[in-house]
Each structure stands twice: as C-alpha cells, then as structure tokens.
Amino acid sequence: MPLIKIRDLHFYRGNKAIFEGVNIDIHRGKITAIMGPSGTGKTTLLRLIGGQLRPDRGTIEVDGQNVHALSHSDLYELRKRMGMLFQSGALLTDLTVFDNVAFPLREHTKLPETMIRDLVLMKLQAVGLRNAHTLMPSELSGGMARRVALARAVTLDPMMIMYDEPFTGQDPISMGTLVNLIHRMNDAMSLTSVVVSHDVAETAEIADTIYLLSEGKVIEKGSPVQLKRSSSQWVQQFMQGLPDGPVPFHYPGKTLEEDLFNQKVSA
Amino acid sequence: MIDTIRSLGRWGLGSFERLGRGHIFLLDTLKGLPWLFLRFSLVVQQLFSVGVLSVLLILISGLFVGMVLGLQGYNTLVDFGAEESLGVLVSLSLVRELGPVVSALLFAGRAGSALTAEIGLMKSTEQLSGMEMMAVDPMRRVIAPRFLAGLISMPLLAAVFSAVGIFGGFLVGHGLLGVDDGAFWSQMQVKTDWYEDVLNGVIKSIVFGFVVTWIALFEGYDATPTSEGVGRATTRTVVHSAFAILGLDFVLTALMFGDE
C-alpha cells in the first residue's frame, strides 16, 4: 500500500484549473519525483499533501489518513511525521542554526537541553554543518541554508520528507551535496521522499519513479530510464530540454507573416 | 458608467471579504491566548520588542507634549488670573485625551509598523508555512504572543506618556513661568478623578492597543508576500490605525463624557 495515495485530485485557482483528475501513488522507502515545467502546480501539490491547501475534489491519503478530513489537532499530529524542505529553506531568521534545528524538539518534546544539544549536533553532523551551529541564517549561503533546513526537517525522525525545488539556484558543488544528501538520508533513515523539481539530470539520478505533470494532468510516469525512452514528444522535449516542440518556443498568437504583412496603419 | 458601478461593486465586495478575514483572524488569535499561560516567556520576549523598545519614543514625545501644554495653557489661563489651575489643565488633557491618543498614534508608527513588517517578511520567506509544516501553529506561536504584548504594553505606555507629560507641564509651569508648585500639584490632585478621568483614559488606551495590534498583525499576515506587498501593508497599518484611533476616540469620548 502506498504511503501517499492521491485520487482524482482537482484544484482550481479562480477559474484556472491547476489539477484536473490527478492520480499519484508514492511508495514507502522510495524517492518519487514530481516534475514539470514552471507553473504546473508542483509546489501546490506539496501544499495539498501537507494539508495547507484544500482540494476542490478528490482525496489525498497519507499513511491511510485522509488529510483533508482530519481535525486541526489530528492534522498537526500527522505533520509531526511529515518533513518539508522549502525552496527558500524557511529558516527562522531570528534564531541561530542550532536553535533552528532544535526548534521542533523544543516545541514538541520535553527533552532536557543536554539531550537536545546532542540530537541537534548529530543532525547537523549528518548534513556537514556541525561547526556552523552558532551562525545566523543570514550568514549562510543558499546551499548551506537548505542543508540546515534539511537537518531541521528530519529532527523529529519523520516517516516522509517533501522537497520543494531543492536544487534550484545551486552551484554544482552544493547541488552534488544536496543530491547525495537526499539519497543518503532516504536510505539511512528509511524515509519516503517526494522531490518536486525541474532539474532533470539531478532528479533522474536519485529518483525511483518520476511523475511528469503538465496542464493539470499526469502526462507520464515511470522510472527515469523508462521516461528517457518514452515515445512521447512532450516527454522527450522536457527530459532533453529542447527549446521547441509540443511546448512551442513562441508565445501563441498571430504568425510572423500576419504581423508583418497584414498590419493596419492605425495599429 | 457600468464599468464604474462594476468596479465600485468589486471594491465593496473585496473590502467586506477582507473585513471578514480580519475578524476570523482575530477569532483565531483570541483562541491562541489561553495557550500562552503555558508559554508566557514568549509574551515576555514580545513585551520587550513591542513595549520596552517604544519607551524612549514615548518618554521624549510625552515630555515635549506636556511642555507645550504647559506653555499654551499658561498663556490662556493667565488672562483670567487662573494660572494656578495649570496642573488641572495639563493633567486632564493628558490623562483623558492626549495620553491615550498620541501614545497610540506613536505606538502604531513605531511598534505597529514593525509588527506588520516582521509578520509580512515571515510570510514572504515562508517561515509561517514552515512552522505549519513543523506542526507548530503560527497563530499560537507567533501571532498570539505579539497580540497580548501589544494589549499589555499600550496602557502602560499611555500611562508613562501622561506621567512624563505632566512632569513636562510642571517643568515649564513652575520652572519657567513661576506657577506655584503647591497649587499646581494640589489642584491637579483634587480635580483629577480616579474613575472619571484616569480609568476612562486607561480604558481608551486598552481599546486602542487592541485595535492597533490587531490591525498591525492582520496586515502583516494578509500581506502580499513580496517586498512591495509588505511595504504597502506597513503603510496601511499606520494609516488604518490612525483612522481607527481617532474615530474610536470620538466614540469613546462621547460614551464616557457625552452626558456631562
């Protein structure tokens, strides 16, 4: 039984459909990537799974619980078992690195400070930033901030973790570090990972299954190898990063000939 | 014409929707208050940043307002040979009116705008969403302590403003203009009623503290999560707070002193 089961998901912003009948299964212990062009609602999907947004139709079950049928307190209990890494890191800017990682422990447990210290340093050690524990978030690079956020996301030893665009805007070294960390954490902590990204190479390197989303629907799903061999032109364009194809290079509208030769003087 | 009516309707609906959101926000904030008994340290932290950091501004402003009142009051009273009533004039003006109103306006400009900017930036940098996903309710953890701190700070700041203002009036009246100090203090003591004047002033400042902190927190929480959106929200806090303070001041004054 999958850890996350999404069925017939419909979600609208105003009149614009973000999802129309999406079905996704995310299996335990696996890394599942949700990919697609910018603006397809990948981050929205994570917010729907986390219960921060409500679908207009359909269900999302996490560990057998319908997320949107839960009471406020039950939803918060479930969230203690879900980690999320935001694109910006979402570190609390008035707290040090140490206090940021200790934050969930101090909020949800009554552990003594000595034990919290040991746990926090162990988590920071896992992301390679134990010696940066006194720094403030403003003193961290983008990659370091995400690693701290990752340490914080796994502090309560969750069953799953959701990554929102973890590789965006990273230099090659930071990107390699993050790819490695996501893979290593998933295996070492028996996590289930959901990675939302449009960085094809990095995501394909670690994902067990990839769902490709576009225009509110799942266009294709499969392993990275299956998708690379797909006969769909759209999938090929996305996976190879081709500038033109089913997703046109030019913004839809009049042709160049129409614009140049049929123009009226008043225009 | 139709377009004008349509945009007017859209503006009206939008305003009502926002008002509704503001009230739901207030209800959620109030629900978070009992939890603060378990975590009062969070309120103490906010008392420092909302209240203590506003004290200097309140002290200096209160002193000057009191000194100006002393000067202006003396010039009027001396024509009637009633300059010894300067203490009454200064104390009643401050305790009933200027203390709560001016300190609330200053509070909105200093602490209110800071609260809006802080909450707005926390929203735009996903810190509030991050807390939600860590199963920490931002309404309880972030909003409620700031709300309670604003509610506690405002009457205290107004009291400080009035006290320093009266002292400023005394400095000018006695030190500069030669009003008898015994007459200044004794007349003030006799004519300033504890319930009628002081308590009504305190009620005013509690109401202003409630409204200003509510507006400031809601504007931050409801801000468009961009730098421009946070900037606009901060401006709205100061403008809306000023309207609310002055409007409510009239209503409260009419209720408290209207039948005299």
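Because the structure is predicted, anything quoted here is derived from the model rather than measured. (Residues numbered from 1 in each chain as written. Chains lettered and ligands numbered in written order. Predicted model: local features only at pLDDT ≥ 70, side-chain atom pairs only at ≥ 80, totals over all residues.)

Colleague: Residues and numbers for the overall build of chain A, please.
Modeller: Of regular secondary structure, chain A possesses 10 helices and 10 strands. C-alpha extents for chain A along the principal axes are approximately 75 × 40 × 40 Å. When the 267 residues of chain A are sorted by exposure, 37% land in the buried category. Within chain A, contacts between residues at least 6 apart in sequence are counted, and of these 63% link residues at least 24 apart. (Helix = DSSP H or I, 4+ residues; strand = E, 2+ residues; numbered from the N terminus. Buried ≥ 20, exposed ≤ 12 C-beta atoms within 10 Å, placed from the backbone. Contact = placed C-beta atoms within 7 Å.)

Colleague: How would you sum up the interface of chain A and chain B? Please name residues and give values.
Modeller: The extent of an interface is frequently quoted as the accessible surface area lost upon association of the parts. Listed per partner, the contact involves 16 residues of chain A and 11 residues of chain B. Where the side of chain A that touches chain B is concerned, the elements lending two or more residues are α2 (72–79), β6 (82–85) and α3 (97–108) of chain A. The leading source of residues in the side of chain A that touches chain B is α3 of chain A, at four residues. Classifying every residue of the side of chain A that touches chain B by side-chain character gives eight nonpolar, five polar and three charged. (Nonpolar A, V, L, I, M, F, W, Y, C, P; charged D, E, K, R; others polar.)

Colleague: I'd like a rundown of the pairing of strand β2 (residues 16–26) of chain A, residues and numbers included.
Modeller: Residues and elements named next belong to chain A. When strand β1 (residues 4–13) meets β2, the two strands line up antiparallel, connected through eight bridges. Along β2, the bridge assignment pairs Tyr 12 with Ala 17. The loop that links β1 with its antiparallel partner β2 comprises two residues; one of these, Gly 14, has a positive phi angle of about 65°. (Pairing = 2+ DSSP bridges.)

Colleague: Tell me about the pairing of strand β9 (residues 209–214) of chain A, residues and numbers included.
Modeller: Residues and elements named next belong to chain A. Sheet analysis places strand β3 (residues 31–35) next to β9, joined by four bridges and oriented parallel. The residue of β9 that forms the bridge with Ile 34 is Tyr 211. Where β9 and strand β10 (residues 217–222) come together, five bridges link them in antiparallel fashion. The residue of β10 that forms the bridge with Leu 213 is Val 218.

Colleague: Before we move on, can you summarise unusual backbone geometry with the specific residues and values?
Modeller: Residue and element names in this part refer to chain A. Positive phi outside glycine occurs at Asp 63, with the angle close to 50°. As for its position among the elements, Asp 63 is in the loop between β4 (57–62) and β5 (65–66). Residue Asp 63 is classed as partly exposed on the basis of its C-beta count, with 17 C-beta atoms lying within 10 Å. Phi angles above zero are rare outside glycine, and Asp 157 is one such case at about 50°. Following the sequence through the fold, Asp 157 ends up in the loop between α5 (142–153) and β7 (160–164).

Colleague: An account of helix α6 (residues 172–188) of chain A is needed here, citing residue identities and associated values.
Modeller: Residue and element names in this part refer to chain A. With 17 residues, α6 should reach 24 Å at 1.5 Å per residue; the first-to-last C-alpha distance of 24 Å fits that figure. Turning to α6, its buried residues are Leu 178, Val 179, Ile 182, Met 185 and Asn 186. The buried residues of α6 occupy an angular sector of 145° when the element is viewed end-on, so they sit on one face. Away from its buried face by more than 90 degrees, α6 exposes Pro 172, Ile 173, Asn 180, Asp 187 and Ala 188. Of the residues trailing α6, Ser 190 is marked for its positive phi of about 50°. (Expected span 1.5 Å × (residues − 1). Arc of directions from axis to C-beta.)

Colleague: Could you give an account of the sheet that holds β4 of chain A, naming the residues involved and the relevant values?
Modeller: All names here are of chain A. Taken together, the four strands give an open sheet; going across it, the order is β2-β1-β4-β5, and neighbouring strands pair in antiparallel fashion. Looking at which strands have only one partner, the edges of the open sheet turn out to be β2 and β5. In terms of strand pairing, β4 meets β5 through two bridges, oriented antiparallel. Each bridged residue has a counterpart across the sheet, and for Glu 61 the counterpart in β5 is Asn 66.

Colleague: So, the confidence of the model for chain B: which residues are in play, and what are the values?
Modeller: Of the residues in chain B, 100% reach a pLDDT of 70 or more, and the chain-wide mean stands at 93. Scoring of the predicted complex yields 0.87 for pTM and 0.83 for ipTM. (pLDDT = per-residue confidence, 0-100.)

Colleague: Please set out the packing of helix α3 (residues 55–77) of chain B against helix α4 (residues 86–124) of chain B residue by residue, giving values where relevant.
Modeller: Residue and element names in this part refer to chain B. At a minimum axis distance of 10 Å, the contact between α3 and α4 shows a crossing angle of 145°. As α3 packs across α4, the resulting crossing turns out to be right-handed. Here Leu 57, Ile 58, Ser 61, Val 65, Gly 66, Leu 69, Gly 70, Gly 73, Tyr 74 and Leu 77 of α3 come into contact with α4, specifically with Leu 86, Leu 89, Val 90, Ser 93, Leu 94, Leu 98, Val 102, Ser 103, Leu 106 and Arg 110. A per-class count over the contact of α3 with α4 returns 13 nonpolar, six polar and one charged. (Axes fitted to C-alpha atoms, helices over the stretch in contact; angles between N-to-C directions. Left-handed = near helix turned anticlockwise from the far one by under 90°.)

Colleague: Before we move on, could you go through the confidence of the model for chain A and cite the residues and values that matter?
Modeller: Averaged over every residue, the pLDDT of chain A is 88; residues scoring 70 or more account for 98%. For chain A, per-element mean pLDDT is lowest for helix α9 (residues 233–240) of chain A, which scores 80, and highest for α3 of chain A, which scores 94.

Colleague: Which residues make up α5 of chain A, and what values do they have?
Modeller: Residues and elements named next belong to chain A. Taking 1.5 Å per residue as the helical rise, α5 with its 12 residues ought to reach 16 Å, and the 16 Å between its terminal C-alpha atoms agrees with that figure. Of all 12 residues in α5, 11 are buried; the element is thus mostly enclosed. Looking only at α5, the buried set comprises Gly 143, Met 144, Ala 145, Arg 146, Arg 147, Val 148, Ala 149, Leu 150, Ala 151, Arg 152 and Ala 153. Those residues of α5 that are buried lie in contact with β6, α3, α4 (113–126), β7 and α6.

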